[in-house]
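Descriptive structure summary
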Amino acid sequence: MISRRETLRLTALGTAAFLGSHAIAASAASKVRIGVLKFGTVSWELDTLKEHKFDAANGIDLEVIYFAGEDATNVAILAGAIDMIVTDWLWVSRQRSAGGDVTLAPYSTAVGAIMVKDASPMRTIADLKGKKIGVAGGALDKSWLLIQALARRDHGLDLPAISDVVFGAPPLISEKAVQGELDAVLNFWHFCARLEANGFRRLIGADDAEKALGASGPVSALGYVFHDKWANDNPQAVRGFLKASAQAKDLLARSDEEWLRLAPIVRAEGKELAKLRDRYREGIPRRPVAEEAADAGRLYRVLAGIGGEKLVGSAPDMAPGTFWQEPTK
């Protein structure tokens, strides 16, 4: 028979085991599901984050779900199938203006540029007059609209009207530039970096246009986007993810060896890998979110003026809350 003392001891052990199991459950990592494009640059950061277990170190379990296109990620987050995506603040503002609650935490200030061959005689935006220009991203691409706005303001030029503008997919636009079929191209930042490593130079960057049109510093073109309600219900998950992201960025900012590890994913080596590394580092957000939000609001009005309702809908100003700022309480 078991003595009373032994019974008490076993009961105490059982209680401790029960409480211990609940403590473990309570401290279990928060699940975060992020949807990204399979071959997008965000994958470089997320691979670094997972490789070095920055998610686990910050109390989250990050699940990366790959999609074939941006529209698919947008639909997935609006449907609640995933927790987070990467997209731009124009889309976020438009959703909020329509009653949605998505919000954005800055991811990268890296933006595209008008690229020309090193030997090109073109030196300023005014030299684009009458030239054949390839543009990736479509007629409502934010960088293209900003450069148009600057050309109109400073030179009185309507670029679409006075130039031969050709739209196409980013790889095709770059290929046509290399083949000499285009005089200049506006492409996404990583395609521009690859061109820079292969005989091209920047004529003007979208970041130059941003500053000329009223921004006081770099503004994130893209951000990690999630619902306010999800953030409020899962504050530790949001904080954990953003801390893990910052740690991955910090490693990529200081470690050349990490970029060598990423080379197969980046699909670059030598000068091309170095240029992609340097441009990525330049795009790491370093300003207070409130400053970025204020500048984005100024640029929004410029973009609304040139892109109209097709771009921003009926809202004349960027919607409040477009940029997420962690509650102080």
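Look up: the structure comes first, before these words.
Quick look at the structure, then. (Residues numbered from 1 in each chain as written. Predicted model: local features only at pLDDT ≥ 70, side-chain atom pairs only at ≥ 80, totals over all residues. Heavy atoms only, no water.)

Details of the environment of R152
The condition that has to hold: For helices the rule is a DSSP run of H or I covering at least 4 residues; for strands it is a run of E covering at least 2, with both sets numbered from the N terminus onward. The contact definition used throughout considers only heavy atoms, calling two residues in contact when any of these lie within 4.5 Å.
By secondary structure assignment, the location of R152 is in helix α6 (residues 142-155). Aside from chain neighbours lying at most four places away, what touches R152 is L157, D158 and I306.

Remarks on the sheet that holds strand β3 (residues 84-88)
The condition that has to hold: DSSP bridges decide pairing: two strands pair if at least two such bridges lie between them. Note on geometry: axes are lines fitted to C-alpha atoms, helical ones only across the stretch in contact, with angles between N-to-C directions running from 0 to 180 degrees.
Taking strand neighbours across the sheet as the criterion, the 5 strands line up as β2-β1-β3-β10-β4 in an open arrangement whose pairing is mixed. At either margin of the open sheet sits one strand with a lone partner, and together these are β2 (60-67) and β4 (102-108). Neighbouring strand axes in the sheet, compared pairwise and without regard to direction, differ in orientation by 35° on average. As defined by bridge partners, strand β1 (residues 30-37) adjoins β3 across 2 bridges and the pair is classed as parallel. Within the sheet, the bridge partner assigned to G35 lies in β3 and is I85. Sheet contacts for helix α4 (residues 70-78): β1, β2, β3, β4 and β10 (222-227); angle to β3, the most-contacted strand, approximately 125°.

Looking at the pairing of strand β9 (residues 200-205)
How we decide: When a residue's accessible area, from a 1.4 Å probe over protein chains only, is under 20% of the maximum for its type it is buried; when over 50% it is exposed; and in between it is partly exposed.
A large share of β9 lies buried, amounting to 5 of its 6 residues. Here strand β5 (residues 113-117) pairs with β9 via 5 bridges, running antiparallel. Residue pairing for β9: I114 is matched across the bridge by I204.

Quick look at the layout of surface pockets
Selection criterion: Cavity and pocket criteria rest on a 1 Å grid covering protein atoms alone: a 1.4 Å probe that fits but cannot get out defines a cavity, protein on both sides within 12 Å along at least 5 of 7 lines defines an open pocket, and an atom within 4 Å of a point defines a lining residue. Grid points are joined across faces, edges and corners, and a volume is the space filled by probe spheres set on the points. Each residue is assigned to one of three groups, with Ala, Val, Leu, Ile, Met, Phe, Trp, Tyr, Cys and Pro labelled nonpolar, Asp, Glu, Lys and Arg labelled charged, and all others, Gly among them, labelled polar.
Size it by volume and the second largest pocket reaches roughly 410 Å³. Around the second largest pocket, the lining comprises 18 residues; the ones closest to its centre are A105, P106, L242, A246 and V289. The residue makeup of the lining of the second largest pocket, split by class, is 9 nonpolar, 2 polar and 7 charged.

Focus: helix α13 (residues 256-266)
Condition: Counted as a polar contact is a pair of N or O atoms within 3.5 Å, where, for protein atoms, one must be capable of donating a hydrogen and the other of accepting one, and residues adjacent in sequence contribute only when both atoms are in side chains.
Here α13 has its buried residues at E258, W259, L262, A263 and V266. Tucked inside the fold, the buried residues of α13 contact α2 (42-51), α9 (189-196), α12 (235-254) and α14 (270-282). For α13, the side-chain oxygen to backbone nitrogen distance between the N-cap and E257 is 3.4 Å, and the N-cap itself is S255.

Digging into the nonpolar core
The criterion, for reference: By nonpolar core we mean a set of buried residues, namely Ala, Val, Leu, Ile, Met, Phe, Trp, Tyr and Cys, connected to one another through side-chain atoms within 4.5 Å.
W89, I114, L128, I147 and Y300 are the most contacted members of the largest nonpolar core, which totals 48 residues. Considering every element that reaches this core, the biggest residue donor is helix α15 (residues 289-312), with 9 residues. Once residues lying within four places of it in the same chain are set aside, the contact partners of L128 are I114, M122, I133, L159, S163, A184 and L203. By size, the runner-up hydrophobic cluster in this structure holds 38 residues, among which are F54, A231, A244 and W324.

Some points on the side chain of S93
Looking at where S93 falls in the secondary structure, it is placed in helix α5 (residues 89-97). From its side chain, S93 meets the backbone nitrogen of A319 in a polar contact 2.9 Å long. Beyond its immediate chain neighbours, meaning those up to four positions away, S93 contacts Y300, D317, M318, A319 and T322.

Examining the sheet that holds β5
The sheet built from 5 strands is open, its strands ordered β7-β6-β8-β5-β9 with mixed pairing. Of all strands in the sheet, those bounded by a partner on one side alone are β7 (164-168) and β9. Strand after strand, the sheet turns through a mean of 25° between neighbouring axes, direction not considered. The pairing of strand β6 (residues 132-136) with β7 spans 5 bridges and is parallel. Each residue of the ladder has a partner; that of A136, found in β7, is G168. With respect to the sheet, helix α8 (residues 170-178) is in contact with β5, β6, β7, β8 (184-187) and β9, its orientation differing from that of β8 by roughly 155°.

Points about the packing of α2 against α13
Selection rule: Any angle between 65 and 115 degrees counts as roughly perpendicular, while under 35 counts as roughly parallel, over 145 as roughly antiparallel, and the rest as oblique. It is the rotation of the near helix from the far one that decides the hand of a crossing: anticlockwise by less than a right angle makes it left-handed, clockwise makes it right-handed.
The contact between α2 and α13 brings their axes to 10 Å, and the two run at 125°. What the angle tells us is that α2 and α13 run oblique. When you trace α2 past α13, the crossing you get is right-handed. For the pair formed by α2 and α13, the contact residues are W44, D47, T48 and E51 on the first element and E258, W259, R261, L262, I265 and V266 on the second. Residues that form the contact of α2 with α13 fall into these classes: 5 nonpolar, 1 polar and 4 charged.

Looking at the packing of aromatic side chains
Filter applied, for reference: Two rings from Phe, Tyr or Trp (for Trp, the six-membered ring) form a pair when their centres are within 6.5 Å of each other. A pair whose planes differ by under 30 degrees is stacked, one over 60 is edge-to-face, and the rest are tilted. Put simply, a charge is over a ring when the Lys NZ or the Arg CZ is close to the ring centre, within 6 Å, and near the line of the ring normal, within 35 degrees.
For the coordinates displayed, the defined rule picks out 7 aromatic pairs. The interplanar angle of 75° and the centroid separation of 5.5 Å between the aromatic rings of F226 and W324 together place this pair among those described as edge-to-face. Here F226 is found in strand β10, whereas its partner W324 is found in the segment after α15, with 98 residues between them in sequence. There is no split in this pair, since F226 and W324 are both buried. Clustering of aromatic rings is evident, with ring pairs tying together W44, W189, W259 and Y280. The positively charged end of K38 is found above the aromatic ring belonging to Y66, 4.4 Å away from the centroid. Over the aromatic face of W89 sits the side chain of K142, whose NZ or CZ is 5.5 Å from the ring centroid.

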